[in-house]
Amino acid sequence: MNYKLISGILGAFVVGLRNVFKRRMTLKYPEEHLEIESGYTYDAKTETGSPGFKGRHILYTDKCTGCSLCAIACENIADCIDMVKVEGSWPTNPKNIMPQIDYGRCVFCGFCVDACPFDCLFMTPEYELSATDKRKLVHTPFQLAVFPEKKGNVKLIPDDRGAYHD
Amino acid sequence: MIETFEEFVKRILALLFWFILLSPLIIFPILFLLVPIFGIDVTTVNEILTASIDPIKALKLVEELGLGPSSTFFKVVAFPGFTFAALVATITILYERKLIAKTQLRVGPLYAGRFEGFLQPIADLFKLLGKELIVPEKADKAFFWAAPILSLALGASLLAVIPLSPTIYIARSDFSLLIPFAIIGFSPLVVLIAAWASSNKFAFIGGLRALHQLAAYEIPMLISILGVVVLTGSFDLMEIVEAQKNMWFIIPQFLGAIIFYITILSELERVPFDLPEAETEIVSGWLTEYTGMHFGLLQLGVYIKFYVLALLFTLLFLGGWNGPAFLPPVVWLLTKLFFVISLIIFPRAVLPRLRLDQLIRIGWAWLIALSFINLFIAVIESSLGVI
């Protein structure tokens, strides 16, 4: 029993000492953002999704037809998509309705992206969505149409013993 | 606009610079106004003023006052004495935080200072100075205030007889090995005063645990160093270090060194023997009610004790300042001290805490028996003439 105890203590020392010289994987968050390649997209023709970050949505207003399939897909999950009237004339969109997303409710499952048959609703790597007001979490179609600016300044480098960044 | 800690330090240094630069403009006229009133000699005033800008003259003036680098006052207050020990203690706190963070795959303090958060101790000091001193309503006020001061005084008085090299020491005594241990015996009393005065159940449990711990480690600690005394035939640290010129005592006294190391961990209330301040069980143990600079002084006292015990380990078992002659002896001592401090810090990162009954069993059943065996080994070695 005592042999086991002593060998255990020595083993803990060795593991700790090995850790001292290992590379750290700590991101200094507000100053450093990890570079994320792409958001989640779904190809309606081949019915395959591509791997990507499930962040804020991007809406291609020139392709949206106002079919409200995304709102129907969301209905029993988060119920956060509302179809709202938009100003202006849209050749593909006779009813002038487009999705408006409430990020206070969204769970970022991506089913709305799967449901869209016209490739006009995708997701982006944008994840800083916090607001000081609950109403600001509701993003209108025109807010969704803006592509987020790239903030990533640190690249993730995969290694055979894990990943690190520079 | 001050946003980072670095800018804060820069601002304070700038204010200090302008104060020093501009203050003569006010002080000069006042001094020369005072000269005719009090009949002070003009030349002495001139000397003092020139010394304030000429460092060589200032040094001469300080030496004339009996406060030079060779004076006892300087020794006690600055170099081998309190300021140096406090500096080492502060660096130890930072080093401990960094080392434990590295061991646990974290980064530790990072933002204060440009390189790896090296200004963190200063930031902590400012934080502690800025905090309110809260004394609990039902506390025993006099003892509550006395405990931090006693802790620091106890730590500082340990420094009196411990030499750093053949030439750097404050006082020399034939019993310089016994005196630190006689003073260290009081440290559980300080803990008990702090615990009782807080009138807090967590603090009181911590204090009682400290007393239990004392019974478990104090005896093996004293007997384990007796081996060294048997081998050298002296209680003088100078002679003990001189006797290690050819061989460090860690080789003939390996068992004693290990027992002394374990009892150091216990004396300093460090993991795995940190029962008196077990954070996960009794909030912060006997430190629970202390805030602000009270807490700072208690911590400083504990870390000065840390420095002294690491120094004693170096002197007793690692050959003190002995080493190849291309470096001065103090540098050798400090290098070994750094290694010992790392060794004492390291268990905190990897080991869990013992229960009280386990601690007492280890103390009474193992350490005391092993320390007597070690003493026996020392007697055999000295009769065979190993050293």
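Quick notes on the overall build of chain A
Assigned secondary structure in chain A consists of four helices and nine strands. Reading the helices (α) and strands (β) of chain A from amino to carboxyl end gives α-β-β-β-α-β-β-α-β-β-α-β-β. Relative to the 2.2 N^0.38 estimate, which gives 15 Å for 166 residues, the radius of gyration of chain A is 23 Å and therefore markedly larger than a compact globule would have. Principal-axis analysis of the C-alpha atoms places the extent of chain A at approximately 80 × 35 × 35 Å.

Some points on the overall build of chain B
A tally of helices and strands in chain B yields 16 helices and zero strands. Within the span of chain B, comprising 387 residues, buried residues form 36% of the whole. Pairs at least 24 residues apart make up 75% of the contacts formed inside chain B by residues separated by at least 6 positions.

Considerations on the interface of chain A and chain B
With 10 residues of chain A at the contact, the number on the chain B side is nine residues. The residue inventory of the side of chain A that touches chain B, partitioned by class, reads five nonpolar, three polar and two charged.

What about the nonpolar core?
In terms of nonpolar packing, the biggest core is built from 83 residues, with B:Tyr307, B:Val308, B:Ala310, B:Phe313 and B:Leu316 touching the most fellow members. Ranked by residues supplied to this core, first place goes to helix 13 (residues 292-317) of chain B with 17 residues. Once you skip the residues sitting within four places of it in the chain, B:Leu316 turns out to touch B:Ile225, B:Val228, B:Ile240 and B:Phe249. Counting residues in each nonpolar core, the second largest holds 20 residues, with A:Cys64, A:Ile97, A:Met98 and A:Met123 among its members.

Remarks on the environment of A:Met98
All names here are of chain A. Along the chain, Met98 falls in strand 5 (residues 97-102). In this structure the C-alpha to C-alpha distance between Met98 and Thr26, which are 72 residues apart in sequence, comes to 41 Å. Non-local contacts of Met98, meaning those with residues more than four positions away in its chain, are made with Leu59, Thr61, Cys64, Gly66, Met83, Val84, Val86 and Pro141.

Let's talk about the pairing of strand 9 (residues 162-165) of chain A
Residue and element names in this part refer to chain A. As paired elements, strand 8 (residues 156-159) and strand 9 share four bridges and run antiparallel to each other. Paired with Leu156 across the strands is His165, a residue of strand 9. Following strand 8, the chain reverses through two residues before pairing antiparallel with strand 9.

Comments concerning the domain arrangement of chain B
As assigned here, chain B comprises domain 1 (5-65) and domain 2 (82-384). Distance from the C-alpha centre of domain 1 of chain B to the C-alpha centre of domain 2 of chain B: 41 Å.

Here's the deal with the sheet that holds strand 7 (residues 138-139) of chain A
Residues and elements named next belong to chain A. The sheet built from three strands is open, its strands ordered 4-5-7 with antiparallel pairing. Edge positions in the sheet fall to strand 4 (81-85) and strand 7, since each of these pairs with one other strand and no more. Bridge count for strand 4 against strand 5 is five bridges, and the pairing is antiparallel. By the bridge assignment for strand 5, Met83 is matched with Pro99.

Points about helix 14 (residues 329-345) of chain B
Taking 1.5 Å per residue as the helical rise, helix 14 of chain B with its 17 residues ought to reach 24 Å, and the 24 Å between its terminal C-alpha atoms agrees with that figure. For helix 14 of chain B, the complete set of buried residues consists of B:Trp332, B:Leu333, B:Lys336, B:Leu337, B:Val340, B:Ile341, B:Ile344 and B:Ile345.

Comments concerning the environment of B:Pro148
All names here are of chain B. Here Pro148 shows up in helix 7 (residues 141-157). Taking the C-alpha atoms as reference points, Pro148 and Glu239, separated by 91 residues in sequence, lie 35 Å from one another. When sequence neighbours within four positions are dropped, the list of residues in contact with Pro148 reads His294, Leu297 and Leu298.

Details of unusual backbone geometry
Here B:Val271 and B:Pro272 are connected by a cis peptide whose omega angle stands at 5°. You can see B:Pro272 is positioned in the loop between helix 12 (254-267) and helix 13. Of note, the phi angle at A:Glu47 is positive, near 55°, even though the residue is not glycine. Of note, the phi angle at B:Glu269 is positive, near 55°, even though the residue is not glycine. Residue placement: B:Glu269 occurs in the loop between helix 12 and helix 13. C-beta crowding within 10 Å serves as the criterion here: with 23 such atoms nearby, B:Glu269 is assigned to the buried category.

Rules behind the numbers
- Residues numbered from 1 in each chain as written.
- Chains lettered and ligands numbered in written order.
- Predicted model: local features only at pLDDT ≥ 70, side-chain atom pairs only at ≥ 80, totals over all residues.
- Helix = DSSP H or I, 4+ residues; strand = E, 2+ residues; numbered from the N terminus.
- Rg over C-alpha atoms; globule rule 2.2 N^0.38 Å.
- Buried ≥ 20, exposed ≤ 12 C-beta atoms within 10 Å, placed from the backbone.
- Contact = placed C-beta atoms within 7 Å.
- Nonpolar A, V, L, I, M, F, W, Y, C, P; charged D, E, K, R; others polar.
- Core = buried A, V, L, I, M, F, W, Y, C linked by C-beta atoms within 7 Å.
- Pairing = 2+ DSSP bridges.
- Domains from an automatic or database assignment.
- Expected span 1.5 Å × (residues − 1).

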